[in-house]
Amino acid sequence: KNEVEQSPQNLTAQEGEFITINCSYSVGISALHWLQQHPGGGIVSLFMLSSGKKKHGRLIATINIQEKHSSLHITASHPRDSAVYICADRNFGNEKLTFGTGTRLTIIP
Amino acid sequence: DVKVTQSSRYLVKRTGEKVFLECVQDMDHENMFWYRQDPGLGLRLIYFSYDVKMKEKGDIPEGYSVSREKKERFSLILESASTNQTSMYLCASTFNTEAFFGQGTRLTVV
């Protein structure tokens, strides 16, 4: 059974700090997603990765297929980055997503 | 922009009521999903559908049913709502490796 684990569960940091959130999965995947959920519930897809690294503004996502590990980095963090960040993977030949339990990030001004 | 729209943001229902949660996507996606999200448990799959009139159970289908009469609409039905179905419900659709989510429906059963 595929399992997705995230760490840390909660993270509080000062504005401007460099943030790293980690995600590990147990079986081979076809794609890994990083999602952002603000208070109120709506989920936004940040990245979809199958290899390497992607960057969008201050957000960077990396994946190491051999180690079954992905990281989400936020540079120059800002209070508006405060949200729950969720990783989810999709296995080969399977449309279903398996989700981590999320990392609650709080950035203090 | 792809849009996945859920019919309600907040809903309060009484125990025993039949509840319909509606999800519509406007990009002709074949795959649609219903999840519930609870603190400490993350997102868990209730039901999914690969095409019109096709449905498959997810990990926690008990107490729920679904309907997909048209490609763009996937409905989640609580036949007889119970307090343990109080949760955040999220609809999603996928295309290739992209995934799109609705804004969520927070359901409270009293």
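Residues numbered from 1 in each chain as written. Chains lettered and ligands numbered in written order. Predicted model: local features only at pLDDT ≥ 70, side-chain atom pairs only at ≥ 80, totals over all residues. Heavy atoms only, no water.

Q: What is the right way to read the side chain of B:Ser75 from this model?
A: Here B:Ser75 shows up in strand β8 (residues 73–78). The residues contacting B:Ser75, other than those within four sequence positions of it, are B:Leu21, B:Glu22, B:Trp34, B:Ser65, B:Val66 and B:Ser67. (Helix = DSSP H or I, 4+ residues; strand = E, 2+ residues; numbered from the N terminus. Contact = heavy atoms within 4.5 Å.)

Q: Please clarify how the nonpolar core should be interpreted in this entry.
A: One broad rule of soluble globular proteins: the nonpolar side chains tend to lie buried together. Among the nonpolar cores identified, the biggest contains 21 residues, and A:Ile19, A:Leu32, A:Trp34, A:Leu72 and A:Tyr85 are the most heavily contacted of them. Those elements giving two or more residues to this core turn out to be β3 (19–25), β4 (31–37), β5 (43–49), β7 (59–64), β8 (69–74), β9 (83–90) and β11 (103–108) of chain A. Looking at this core element by element, the count peaks at 4 residues for β3(A). Apart from residues lying up to four places away in sequence, A:Tyr85 is in contact with A:Gln6, A:Ile21, A:Leu35, A:Gln36, A:Leu46, A:Leu72, A:Ile74, A:Gly102, A:Thr103 and A:Leu105. One finds B:Val4, B:Met32, B:Trp34 and B:Tyr64 within the second-largest nonpolar core, a separate group that totals 20 residues. (Core = buried A, V, L, I, M, F, W, Y, C linked by side-chain atoms within 4.5 Å. Buried < 20%, exposed > 50% of the residue type's maximum accessible area, 1.4 Å probe, protein only.)

Q: Hey, could you run me through the sheet that holds β8(A) in this one?
A: Strand pairing in a sheet relies on backbone hydrogen bonds. The paired strands run either parallel or antiparallel. All names here are of chain A. If you trace the 5 strands from one edge of the open sheet to the other, you get β1-β3-β8-β7-β6, paired in antiparallel fashion. If you trace the sheet from one side to the other, it starts and ends with β1 (4–7) and β6 (52–56), each paired once. Neighbouring strand axes in the sheet, compared pairwise and without regard to direction, differ in orientation by 15 degrees on average. With 6 bridges joining them, β3 and β8 adopt antiparallel strand pairing. From the neighbouring strand, Thr20 faces β8, where its bridge partner is His73. (Pairing = 2+ DSSP bridges. Axes fitted to C-alpha atoms, helices over the stretch in contact; angles between N-to-C directions.)

Q: Would you mind showing me how to read the interface of chain A and chain B here?
A: When the parts of a complex come together, some accessible area is lost, and that lost area is often taken as the interface size. With 19 residues of chain A at the interface, the matching set in chain B holds 22 residues. Interface of chain A and chain B: buried area, both sides summed, is about 1,600 Å²; carbon and sulfur atoms make up 59% of it. Remark: the boundary between chain A and chain B carries 0 salt bridges. At the junction of chain A and chain B, the tally comes to 1 residue pair in polar contact (both at pLDDT 80 or more). Top element by residues in the side of chain A that touches chain B is β4(A). It accounts for 4 residues. Here the side of chain A that touches chain B is built from residues that sort into 7 nonpolar, 9 polar and 3 charged. (Buried area = accessible area lost by both parts, 1.4 Å probe. Salt bridge = Lys/Arg side-chain N within 4 Å of Asp/Glu carboxyl O. Polar contact = N/O pair within 3.5 Å; in protein donor to acceptor, adjacent residues only side chain to side chain. Nonpolar A, V, L, I, M, F, W, Y, C, P; charged D, E, K, R; others polar.)

Q: Looking at this model, I keep getting lost on the pairing of β9(A). Mind explaining?
A: In regular strands, side chains alternate between the two faces of the sheet. All names here are of chain A. Counting buried positions along β9 yields 8 of 8 residues, so the element is predominantly enclosed. Neither face of β9 is exposed, since Ala83, Tyr85, Cys87 and Asp89 on one face and Val84, Ile86, Ala88 and Arg90 on the opposite face are all buried. Where β4 meets β9, 7 bridges bridge the pair, whose relative direction is antiparallel. Bridge pairing in β9 places Gln36 opposite Tyr85. Pairing analysis gives 3 bridges linking β9 to β11, with the strands arranged antiparallel. Residue pairing for β11: Tyr85 is matched across the bridge by Thr103. Both β9 and strand β10 (residues 97–99) contribute to a ladder of 3 bridges, which runs antiparallel. What sits directly across from Asp89, in β10, is Thr98.

Q: Whenever I open this one, the sheet that holds strand β1 (residues 4–6) of chain B confuses me. Can you help?
A: Residue and element names in this part refer to chain B. A sheet is described by the order of its strands in space; here 4 strands give the open sequence β1-β3-β8-β7, paired in antiparallel fashion. Unpaired on one side and paired on the other, β1 and β7 (64–70) mark the two borders of the sheet. The average undirected angle you get between the axes of adjacent strands in this sheet is 20 degrees. Of the strand pairs in this sheet, β1 and strand β3 (residues 19–25) are connected by 3 bridges, and their pairing is antiparallel. Paired with Thr5 across the strands is Val24, a residue of β3.

Q: Explain the pairing of β1(A) to me, please; I cannot follow it from the model alone.
A: Residues and elements named next belong to chain A. Here β1 shows one buried face, formed by Val4 and Gln6, and one open face, formed by Glu5 and Ser7. Strand direction decides the pairing type here: β1 and β3, joined by 4 bridges, are antiparallel. For Val4, the partnering residue across the bridge sits in β3 and is Tyr25.

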